[in-house]
Amino acid sequence: MAGQSLEDVYLLRPLNDAPPTAEEKRRSKELEEFLRASGLYESVDEGILREEVLGLFNELVQTWVKGVCRKRSLNVEDARAHVYTFGSYRLGVHGPGTDMDTLVVGPRYVQREADFFGNEKHCLQYVLSQTPDVSDIQPVPDAFVPMIGIKYKGVQMDILYASLAMITLPEQLELSNHAVLRGCDEATVRSLNGCRVTDTLLRLVPNQDVFRLALRAVKHWASLRGISSNVTGYLGGVNLAIMVAKICQLYPRAEASTVLLKFFILLKAWPWPRAIHLRVPEDHSLGLPVWDPRPGTRDSLALMPVITPAYPAMNSLYNVQRSTLEVMTAEFAAAADVCTSFLHYRGGQSIDWGRLFTPVPFFTQHTFYIQVEVSADNERDLVLWDGWVSSRVRRLVRNLEDHVRVRPFPKPQRPPVAKEVDADSRPRLLYYIGIDKRVAPAVTSQSLMPNGQLQHSAPGTVVTPASKVDLKQPCMMFVTEVTAWAAKRIGMELRVNVLRRANLPPWLLIDPAPQQAAQQQEQAATVVPASLLQEQRQPADKNVDTAVGATLGASSVQGARRSAADERAVPAESTQGAESHRLPAAKRMRVERAEQVAATLGDGATDNFEAPPSRSQSPQAPFDATAVDAMVPSAANIGLVTPASHEAHASQGPLSQDAKSQLEKQASVADERAAVQESQLHNTGRDMGDWLGVDHGVSLATRETSGSPPC
């Protein structure tokens, strides 16, 4: 690296500075038309409303600062504050309904903890709560960048505060001057960096119009694919802006359509954790921590660093975790494949942008989901409670990603209003996390040491989990942390449930066709009859939190309520080897008890006799004994009671036809239960815990002889 210049080290030289062709310009116009047709541009009236709200908010801030100055017995005439915008609104890529990132810069005597947050009369949070047009006040004082979220006349605003080391602020304050950072703490520096980064971005991009169009398209794609939320560990607005600006630097004369295609193609091949820089980092010796990826530092652990261009340079993607990095790289790769196919279009052929901008089928692509239900007594408390819980969902993902593949969905879902009288009508929001099993890594000659043992995984890599995973512990840790919130009010509750895909609320899908197709695939993968599946799932329909139920009002998470027959169906190949295994003692005693009952029953004694239902079956549910006989191997070969054995016992006493029929049904039930439970013990790949762990223990020879396709 000694012979390389800084431009080469930080990849700051253009890769291609050729002028755009007429075809690329035409495709850029088609892209803009597609985005306008998708409703990504706000109307003129909405733009005027935003300007009006900013003016009203500026007047409110000036009144607040003068009130704090009066409380401190200072000169009110010189008291002033400045309001700045940054983010998507400042960059010019905001759409209808998007929030406005706002920064309030105040003098030294107006403190964040004492005057910005709080319910005292001189605090801005209290002033906002008394303003008629302000609603949904959501303070987040413990966030990495403390903020207050509000709705002002229907316009969502995220308000940050920075207190400068000045008694009186000048009428014209330039935030790009590094002197404003002197004497500021880290939270204030991070708040100021929002505006500083936005202004620096606009200066570094070669063509702002191309940058805005490409950034608007990328943000729309990220929102559709469910990876647009920095709080959840995905891509935020500033992250996407820096990444798109990087592509604009590498292709300074390219059109927006070309920048969009190159964005996905380059990010697919980007060697993470190599950082993305827009310029050489600066150091102005102000004592502020800057980006330092040297080994042994905290920055060296970053998984997906995207460095801000303004001083002090810092990683804007600090929330990325292993699971969210896996999701984003997979999405980049899929989008790059689509964009590569666009490059092969002939001249004059229009690009089908709809192939790229497709929503993610999140609620049909996972087998299990974790549902985090946030509820409160009223909407005001729900806004406060949701702000705290949503900022902690990332901790739950971190606790889960060592055991399963995790994909959190960033957008909360609001259930429809219940029409039933007895239904819970309290306001609530639902967050969902898709979970799938991790496939055991293939054992190769390179992974084996001379003694035959596997090499240890490198630091930071995902360790293969144990064969069984207990999801109760990660959920308990999450609930325990959430319950420690000091501002928690009565009525704020949290429930954490683990659901199968088939048990998801039906209103989550606008089009039920994908869900129906997924259910048909699940049913086709097993030979269990539909009547048996209905009987097995009846308890789960009554209480959907089958695996984990966590309530904030309770002191601990409820225990896992599951049964073997309720959680999974019996695969066809799992019953092939049941003949060669001896029944467990408990099952053998049950069968012997059934034989004794069959031998002692007389005429008319079976009118009120019913088979004792298992924990996972309902005694009133219908049972298809004929279908079970076709599913289970020969009962005579594994020592179970058969109709023939009933005839042998019938010689000891006469039996009516109804009694014989009832005994045959009882024998079929016992036969099916024993075979099901035996197969579940010997086929760990179908167990709930093993399903979430390593996929092992299934004999390939059994798969081939059974003739059924692998699941």
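Just so it is clear, the structure is predicted and the values come from calculations on it, not from any experiment.

**Looking at the sheet that holds strand 5 (residues 155–163)**
If you walk across this open sheet you meet the five strands as 1-2-5-4-3, and the pairing is mixed. What marks the edges here is a single partner per strand, and that holds for strand 1 (82–86) and strand 3 (134–140). Across the sheet, the mean angle from the axis of one strand to that of its neighbour is 25°, orientation sign disregarded. Pairing of strand 1 with strand 2 (residues 100–106) involves five bridges; the strand directions are antiparallel.

**Some points on the pattern of salt bridges**
This model, assessed by the stated rule, comprises 27 salt bridges. Of the charged contacts, one joins Glu 331 and Arg 225 as a salt bridge, the two residues approaching to 2.8 Å between their closest N and O atoms. One end of the pair, Glu 331, is in helix 11 (residues 322–343); the other, Arg 225, is in the loop between helix 8 (208–224) and helix 9 (237–250), and 106 residues separate them in sequence. You can call Glu 331 buried: its relative accessible area is 7%. Classification of Arg 225 by relative accessible area gives buried; the value is 14%. Asp 377 is the partner of Arg 426 in a salt bridge, and the nearest nitrogen-oxygen pair spans 2.8 Å. One end of the pair, Arg 426, is in the loop between strand 7 (405–408) and strand 8 (428–436); the other, Asp 377, is in the loop between strand 6 (368–375) and helix 12 (379–390), and 49 residues separate them in sequence. Each of Glu 23, Arg 26, Arg 27 and Glu 30 takes part in salt bridges that share partners, so that together they form one network.

**What about the nonpolar core?**
Membership of the largest hydrophobic core comes to 63 residues, with the highest contact counts inside it found for Phe 211, Phe 263, Phe 264, Met 304, Phe 332 and Leu 356. For this core, the secondary structure elements donating two or more residues are helix 2 (22–37), helix 7 (186–204), helix 8, helix 9, helix 10 (256–268) and helix 11. If we ignore the near neighbours within four places in the chain, the residues touching Phe 211 are Leu 91, Leu 202, Val 205, Ala 241, Val 244, Ala 245 and Cys 248. Membership of the second largest hydrophobic core comes to 31 residues, among which are Leu 382, Leu 396, Val 469 and Val 482.

**Brief notes about helix 10**
With 13 residues, helix 10 extends 19 Å from end C-alpha to end C-alpha; this agrees with the ideal 18 Å at 1.5 Å per step. Burial within helix 10 is extensive, with 10 of its 13 residues counted as buried. Where helix 10 is buried, its residues touch helix 2, helix 8, helix 9 and helix 11.

**Some points on the packing of aromatic side chains**
One pass over the full model with this rule turns up 21 aromatic pairs. Geometrically, the ring pair formed by Trp 221 and Phe 332 is stacked, given 5.9 Å between the ring centres and 15° between the ring planes. Placement of Trp 221 in helix 8 and of Phe 332 in helix 11 is noted, with a sequence separation of 111 residues between them. On the basis of relative accessible area, Trp 221 is assigned to the buried category, the value being 2%.

**Examining the environment of Gly 87**
Its place among the elements puts Gly 87 in the loop between strand 1 and helix 4 (88–91). Overall, Gly 87 belongs to the buried group, its relative accessible area being 14%. In sequence terms Gly 87 and Val 238 are 151 residues apart; their C-alpha atoms lie 6.6 Å from each other. In this view, Gly 87 contacts Asp 101 and Thr 198; residues no more than four positions away in its chain are not counted.

**Thoughts on the pairing of strand 6**
By the criterion of burial, strand 6 is predominantly enclosed, with eight of the eight residues buried. Here strand 6 shows two buried faces, one formed by Phe 368, Ile 370, Val 372 and Val 374 and the other by Tyr 369, Gln 371, Glu 373 and Ser 375. Pairing analysis gives eight bridges linking strand 6 to strand 9 (residues 493–500), with the strands arranged antiparallel. Of the residues in strand 9, the one forming a bridge with Ile 370 is Val 498.

**Let's talk about the environment of Asp 377**
By relative accessible area, Asp 377 is classed as partly exposed at 43%. Separated by 50 residues in sequence, Asp 377 and Pro 427 have C-alpha atoms that sit 6.9 Å apart. Residues within four places of Asp 377 in sequence aside, it is in contact with Arg 426, Pro 427, Ile 490 and Gly 491. Within the structure, Asp 377 has its side chain in polar contact with the side chain of Arg 426 (distance 2.8 Å).

**Looking at the pairing of strand 3**
Summarising the sheet, strand 3 and strand 4 (residues 147–152) pair through five bridges and their orientation is antiparallel. Across the sheet, Val 140 pairs through a bridge with Met 147, a residue of strand 4. If you look at the hairpin formed by strand 3 and strand 4, you'll find six residues sitting between the two strands.

**Concerning helix 3 (residues 44–71)**
Counted at 1.5 Å a residue, the expected span for helix 3 with its 28 residues is 40 Å, and the 41 Å between its end C-alpha atoms agrees. Restricting attention to buried positions, one finds in helix 3 the residues Gly 47, Arg 50, Val 53, Leu 54, Phe 57, Leu 60, Val 61, Gln 62, Trp 64, Val 65, Val 68 and Cys 69. A positive backbone phi angle near 60° is found at Ser 73, which sits one or two residues after helix 3.

**So, the packing of helix 12 against helix 14 (residues 472–483)**
Between helix 12 and helix 14, whose axes approach to 10 Å, the crossing angle comes to 130°. Taken together, helix 12 and helix 14 sit at an angle that is classed as oblique. Along this stretch, helix 12 crosses helix 14, giving a crossing that reads as right-handed. Contact residues: helix 12 offers Trp 385, Trp 388 and Val 389, while helix 14 offers Phe 478, Glu 481 and Val 482. Considering only residue class, the contact of helix 12 with helix 14 consists of five nonpolar, no polar and one charged.

**Looking at unusual backbone geometry**
The peptide bond linking Trp 272 to Pro 273 adopts the cis configuration, its omega dihedral lying at 15°. Note on placement: Pro 273 falls in the loop between helix 10 and helix 11. Look at the link from Tyr 311 to Pro 312: it is a cis peptide, with omega at -5°. As for its placement among the helices and strands, Pro 312 is situated in the loop between helix 10 and helix 11. Even without being glycine, Lys 153 reaches a positive phi, approximately 55°. Here Lys 153 is to be found in the loop between strand 4 and strand 5.

Definitions and limits used
- Position labels on residues start from 1 in each chain and follow its written sequence.
- A pLDDT threshold of at least 70 governs which residues receive local features in this predicted model, and a stricter bar of 80 or more applies before side-chain atom pairs are shown or counted, although totals over entire chains, interfaces and linings include all residues.
- To obtain the side-chain values, all non-hydrogen atoms of the structure were included, while hydrogens and water were left out.
- Only strands joined by at least two bridges in the DSSP assignment are considered to pair.
- Helix numbering and strand numbering both begin at the N terminus, where a helix is a DSSP run of H or I of at least 4 residues and a strand a DSSP run of E of at least 2.
- Here an axis means a line fitted to C-alpha atoms, over the contact stretch when the element is a helix, while the angle between two N-to-C directions is reported on a 0 to 180 degree scale.
- By convention in these notes, a salt bridge is any Lys or Arg side-chain nitrogen within 4 Å of a carboxyl oxygen on Asp or Glu.
- Each residue is placed in one exposure class: buried if its accessible area under a 1.4 Å probe, protein chains only, is under 20% of its type's maximum, exposed if it is over 50%, and partly exposed if it falls in between.
- Nonpolar cores were defined as sets of buried Ala, Val, Leu, Ile, Met, Phe, Trp, Tyr and Cys residues, with membership established by side-chain atoms within 4.5 Å.
- A contact between two residues is defined here by any heavy atoms of the two lying within 4.5 Å.
- Given the number of residues in a helix, its expected span is that number minus one, multiplied by 1.5 Å.
- Aromatic rings from Phe, Tyr and Trp, taking only the six-membered ring of Trp, are treated as a pair when their centres fall within 6.5 Å; an angle between ring planes under 30 degrees marks them as stacked, one over 60 as edge-to-face, and anything in between as tilted.
- Between N or O atoms, a polar contact is any pair within 3.5 Å; within protein, one atom must be a potential hydrogen donor and the other a potential acceptor, and residues adjacent in sequence are included only when both atoms are from side chains.
- To sort the angles, those under 35 degrees are grouped as roughly parallel, those over 145 as roughly antiparallel, those from 65 to 115 as roughly perpendicular, and the leftovers as oblique.
- With the far helix as reference, a near helix turned anticlockwise by less than a right angle produces a left-handed crossing, and one turned clockwise produces a right-handed crossing.
- Only Asp, Glu, Lys and Arg are considered charged in this grouping, and only Ala, Val, Leu, Ile, Met, Phe, Trp, Tyr, Cys and Pro are considered nonpolar; every other residue, Gly among them, is considered polar.

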